[in-house]
Amino acid sequence: MPEYRTYAGLDDRISKDGDVGFLGFNNRMRPDQLPAGLLADAQNLRTDRRGEAQVRKGIDLISNPLSTGASALVLPFTLVADDTSVTATQTGGAVVLTNVTATNFPSSGTVNVSGVSGLTPAVNGNRAFTKDSSTQITISDQVYSGTASGPATVKFGILNDDAVNAIYGSCAFSDPNASASQYIIFAANAKAVAVNTVTGETTDIGYPTGVTISSAGSMLQAFNKVFIFRDGATALENNLRISTISAATVTGSSNTANITTSTNHNLVTGDLVTINNLGFSTTDPNGSAKSITKTGDTTFTYSLTASGDEPYTVSSTSIVATDFTKVASGTYTQPIQITSTVTTAAGKMTVNTGSDAHNLSTGNEVIVEDKAGSNLIVGERYIVTVVDSTNFTIFVQHANESNTPNVIFQQQVSVGLGFSHMPAPPYAVYHQRRLVMPFKFSVTGTDTFTSRGILDEVIASDILDTDTYDQIYAQYRFNAGEADFNVGLHSFSEDNLMVFNRNSIHLITNTTSLQGASTRLLTNEVGCVARQSIVQVGNQVIFLSDNGVYSTQFFDEYNLRGTETPLSEPINVTIQRINRAYWQNSVGVYFDNRYFLAVPLDTATKNNAIIIYNFLNKQWESIDQVADTDFHISNLLVVGEGAERGVYAVNDIGGVQKLGERVDGVDRVITQIGGAEKTINIPGSLTTRQYTLGSLERKNWKQFEMHIESDTSAVSNFDISVETENPDANLSLGTLSDFVGSTLAEDEDVSIRGRIGNRRGYGIQFTLNNTLGRPKIRAIEADGSISFRSTNKAE
């Protein structure tokens, strides 16, 4: 390849242009305007501090909870209204149904059986089945005995409400009673599911009787509780505790299950729990709404619905978890006097109210109204720390005493229009020991709510009390009467609560004292379009707006101001591709010095791409997509400890996938409810800026050079092509293996050179499309000369 040390006067000198490192990409500017180090396009790439552009690590499937338990309805299969030719037979404790005439039904699912007699227990009803052949199915959910008679009638296509068939919300959960306990909690239609991010094991969590979820909601962990918020419906809460069962037996004479846990279960008598995956032969001990009796720190009992006398088998998936319950609703009754007997030891006072329930919860404030013969002082205020139905605890600085009677406490009384229960919000945030939420509904009765016709007002709970809301001093309205509504809230430092409306941003300060709180307008020039896109990074708050990804920043003495130019200005072409009909579902997180924002691109109705901003490089880094149009993202969560900590993508079909986990250049995901995992190659690609040799002249492009390294865990290969402009042309230069002789081995680096063939053009761009592994691109160079001097137009 010709390169010369000296040139004669008429020689065309060879010039070089290229990049020896990459920082990110910019698709707003023309490719020939980009500075060195910026790409014109980056798909599924990472650019680290060394300037190497490498195909991202793959997504790994952690769990697929929708494939557990009974099967949900999965189409297509023939729906048979009445098949009355079926014969039922009890065989080895299972029921075999033959002469089934339905076609194309799945390998497992739910069928409704009727007309069968002679079996104990009865098989009639909705039953999970497995397919034996095109005309035979087996039901083995219990041990059946007796001689079946019929004929049977079966109906296929029956949706099992106990099966998980969609996900309507998710959140991260860390058990405060257990070390290294990290979960993702799903809200499914008829139950919640906890996924252990370390083991991938799933645990069912029950809902209150009669409660199902059928529309999108939001979830939050706060005050050692997990909340499921349902817009316009009673929220659910759970003092969630999850324990592994180490032993289980049954007392036949009393129909009582005896459970031992491997660690302290932290349960109290009366807790409702869900029992998972105990092995049994006759009486099923599993299920939700089991009311327990505590017999020790690691033991408890509950009653069975039928008699039994058998050993149960346990495994690593035999789990007990507390059920969700409804938050309080109905008319809020102002507290009454609490008459009690008190005992003080070592600064802790135990208050016993006898047979009268006190209606207090942890975090409530009580005031001493009558000290009686105790060492208390009238007017003292205390925070309740531990409660049960007739006892609570406060911490005092008085002398010890024992069983002093007739002490009267008064719970805090509202200072406004009276207290309200939680007003059925669509979401809430934790701020300064309070829950803050939109105030769209009034509580008008038990589980009954009335729209207030106000969409730009928020309300805060009492301190450390998620059930008490003051309707005057704890509510705030913004832009009253204007065409605006609340989108999101964000708790910032120094007691600043940011309120994001659709067309404006506001700030609430000094919420520690509700009477002294104040509000002010930050800007009415920009608003937020997606609540879950709001993320804090240092002194910046980033969110998706009409103008793209925008940021506000605290400057001198925490004076919050908005930046004039959107953060996403360099990738405005990508921002314009976001489907605005569904961009309210976009979701962002901050992790590993990057802002991840999942968005619906082009015609997608769900988030099908993640755009990533690298704060170290101060550039947009990549557009990440899985090469399957059925894959999408409902939520992004930062969960885990140690090596397990990372960004997890979850969706409404039940997939829990960890981003940046696989080093082999493939994504492992699910794309349908209860479906099998798919392994898909990562379609990494980059397009360089346009190299022009620094002039407007037309050139002859002669050759190129690339420095490439293969990752330590996989061999590499990719396609190479170039595009010239004026005149316009596309040219394939082959593959990496064409230049190396084979795929590039693991942990090998190479410099390749190739001819471009004197292609003419003002500028030239390179595009690399990954086909194998996770190659690193270190440098790219193009050589050319200004020698195309025709006066004809070039196009």
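Here the structure is shown first, and the text comes after it.
Residues numbered from 1 in each chain as written. Predicted model: local features only at pLDDT ≥ 70, side-chain atom pairs only at ≥ 80, totals over all residues. Heavy atoms only, no water.

Visitor: Explain the overall build of the protein chain to me, please; I cannot follow it from the model alone.
Guide: Within the protein chain, the secondary structure is distributed over two helices and 68 strands. Taken across its 795 residues, the protein chain has 53% of its residues classed as buried. The contacts in the protein chain between residues at least 6 apart in sequence include a share of 63% that link residues at least 24 apart. A total of about 33700 Å² of accessible surface is found on the protein chain, and carbon and sulfur atoms cover 46% of it. (Helix = DSSP H or I, 4+ residues; strand = E, 2+ residues; numbered from the N terminus. Buried < 20%, exposed > 50% of the residue type's maximum accessible area, 1.4 Å probe, protein only. Contact = heavy atoms within 4.5 Å. Areas by Shrake-Rupley, 256 points an atom, 1.4 Å probe, with all protein chains shown as cover.)

Visitor: Got a minute to help me understand the sheet that holds strand β33 (residues 381-383) in this structure?
Guide: The strands that make up a sheet pair up through hydrogen bonds in the backbone, lying either parallel or antiparallel. Judged by pairing direction, the sheet is antiparallel, and its seven strands sit side by side in the order β33-β32-β36-β30-β31-β35-β34 without closing on themselves. Here the strands that pair on one side only, and so sit at the sheet edges, are β33 and β34 (386-387). Bridging between strand β32 (residues 365-370) and β33 involves three bridges; their strand directions are antiparallel. Following the sheet pairing, I367 is matched in β33 by R381. (Pairing = 2+ DSSP bridges.)

Visitor: Which parts of the structure should I look at to understand empty space enclosed by the protein?
Guide: In this approach, a probe sized like a water molecule rolls over the atoms, and the result shows the empty space that is left. Per the counting criterion, the structure on display carries five cavities of 30 Å³ or more. Taken as a whole, the largest cavity spans an internal volume of roughly 80 Å³. Residue lining of the largest cavity: 13 residues in total, with L45, V55, L686, L768 and I777 positioned closest to the centre. When contributions to the lining of the largest cavity are tallied by element, the ones reaching two or more residues are β5 (53-55), β62 (685-688) and β67 (763-772). Considering only residue class, the lining of the largest cavity consists of eight nonpolar, five polar and no charged. (1 Å grid on protein atoms, 1.4 Å probe; cavity = no way out; pocket = protein on both sides within 12 Å on 5 of 7 lines; lining within 4 Å. Points joined across faces, edges and corners; volume = space filled by probe spheres on them. Nonpolar A, V, L, I, M, F, W, Y, C, P; charged D, E, K, R; others polar.)

Visitor: It is not clear to me how the packing of aromatic side chains should be interpreted in this structure. Could you clarify?
Guide: Two aromatic rings, taken as a pair, are described by how far apart their centres are and by the angle between their planes. One pass over the structure, following the stated rule, counts 13 aromatic pairs. On the numbers, 5.9 Å between centres and 75 degrees between planes, the contact of F392 with F409 is edge-to-face. Highlighted residues: F392 in strand β35 (residues 391-395) and F409 in strand β36 (residues 401-411), separated in sequence by 17 residues. Of the residues examined, F409 reaches a relative accessible area of 0% and is grouped as buried. Across from the ring centre of F439, 3.9 Å away, lies the NZ or CZ of R452, which sits over that ring. (Phe/Tyr/Trp six-rings, centres within 6.5 Å; stacked < 30°, edge-to-face > 60°. Lys NZ or Arg CZ within 6 Å of the ring centre and 35° of its normal.)

Visitor: In this structure, what is going on with the side chain of R230? I would like to understand it.
Guide: For R230, the position within the fold is in strand β20 (residues 225-230). No salt bridge is formed by the buried R230; the nearest opposite charge belongs to D447, separated by 6.5 Å. Those residues in contact with R230 that lie beyond four places of it in its chain are V211, T212, I213, L236, A424 and P425. (Lys, Arg positive; Asp, Glu negative; His and termini not counted. Salt bridge = Lys/Arg side-chain N within 4 Å of Asp/Glu carboxyl O.)

Visitor: Teacher, can you tell me more about the environment of T468 here?
Guide: Counting through the fold element by element, T468 comes out in strand β43 (residues 465-470). When its relative accessible area of 3% is taken as the criterion, T468 is described as buried. In the structure, T468 is positioned 33 residues away from L435 in sequence and 9.9 Å away in space, judged by C-alpha atoms. Non-local contacts of T468, meaning those with residues more than four positions away in its chain, are made with Y332, F419, S420, A460, S461 and D462.

Visitor: Is there a simple way to think about the pairing of strand β41 (residues 448-451) in this case?
Guide: In terms of strand pairing, strand β40 (residues 441-445) meets β41 through four bridges, oriented antiparallel. Opposite V443, over in β41, you have F449 as the bridge partner. In sequence, β40 turns back onto β41 through a hairpin of two residues, with D447 there showing a positive phi of about 60 degrees.

Visitor: What exactly am I supposed to notice about the pairing of strand β50 (residues 540-545) here?
Guide: Side chains on a regular strand alternate between the two faces of the sheet. Among the six residues in β50, six count as buried, and that is most of the element. Relative to β50, strand β49 (residues 535-537) is paired through three bridges, and the arrangement is antiparallel. Its bridge partner lying in β50, V537 is registered against Q540. Two successive antiparallel strands, β49 and β50, enclose a turn made up of two residues, where G538 displays a positive phi of approximately 60 degrees.

Visitor: Is there a simple way to think about the environment of N126 in this case?
Guide: Structurally, N126 is set in strand β11 (residues 125-133). By relative accessible area, N126 is classed as partly exposed at 41%. Residues N126 and S114, spaced twelve residues apart in sequence, show a C-alpha to C-alpha distance of 9.1 Å.

Visitor: What am I meant to see in the sheet that holds strand β17 (residues 191-196) here?
Guide: In spatial order, the strands read β15-β16-β17-β18; together these four strands make up an open sheet with antiparallel pairing. This sheet does not close on itself; its edge strands, each paired only once, are β15 (167-174) and β18 (202-206). Taking each pair of neighbouring strands and ignoring which way they run, the sheet shows an average axis angle of 25 degrees. Across five bridges, the pairing between β17 and β18 is antiparallel. Bridge pairing links A194 to T203 in β18. (Axes fitted to C-alpha atoms, helices over the stretch in contact; angles between N-to-C directions.)

Visitor: Explanation requested: the pattern of salt bridges in the structure shown.
Guide: Pairing between side chains of opposite charge can happen when their charged atoms approach one another. A full pass over the atoms with the stated rule returns 35 salt bridges. Of the charged contacts, one joins D652 and K606 as a salt bridge, the two residues approaching to 3.0 Å between their closest N and O atoms. Within this pair, whereas D652 is found in the loop between β58 (646-650) and β59 (656-662), its partner K606 is found in the loop between β54 (594-599) and β55 (609-614), the two being separated by 46 residues in sequence. A residue is classified by how much of its surface remains accessible, and K606, at 38% relative accessible area, is partly exposed.

Visitor: Just to check I follow, could you spell out the side chain of Q43 for this structure?
Guide: Tracing the backbone shows Q43 in strand β3 (residues 38-43). In this structure Q43 comes out as buried when scored by relative accessible area, which is 15%. Every residue in contact with Q43, bar those within four places of it in the chain, is listed here: S622, I623, Q625, P683, G684 and S685.

Visitor: What am I meant to see in unusual backbone geometry here?
Guide: Cis geometry is adopted by the peptide bond preceding P151, which originates at G150 and carries an omega value of 10 degrees. Locating P151 in the fold gives a position in the loop between β13 (145-149) and β14 (152-156). In this chain, N726 is followed by P727 through a cis amide linkage whose omega measures 0 degrees. At N726, a position not held by glycine, the phi torsion is positive, near 50 degrees.

Just distances and angles here, no functional claims.
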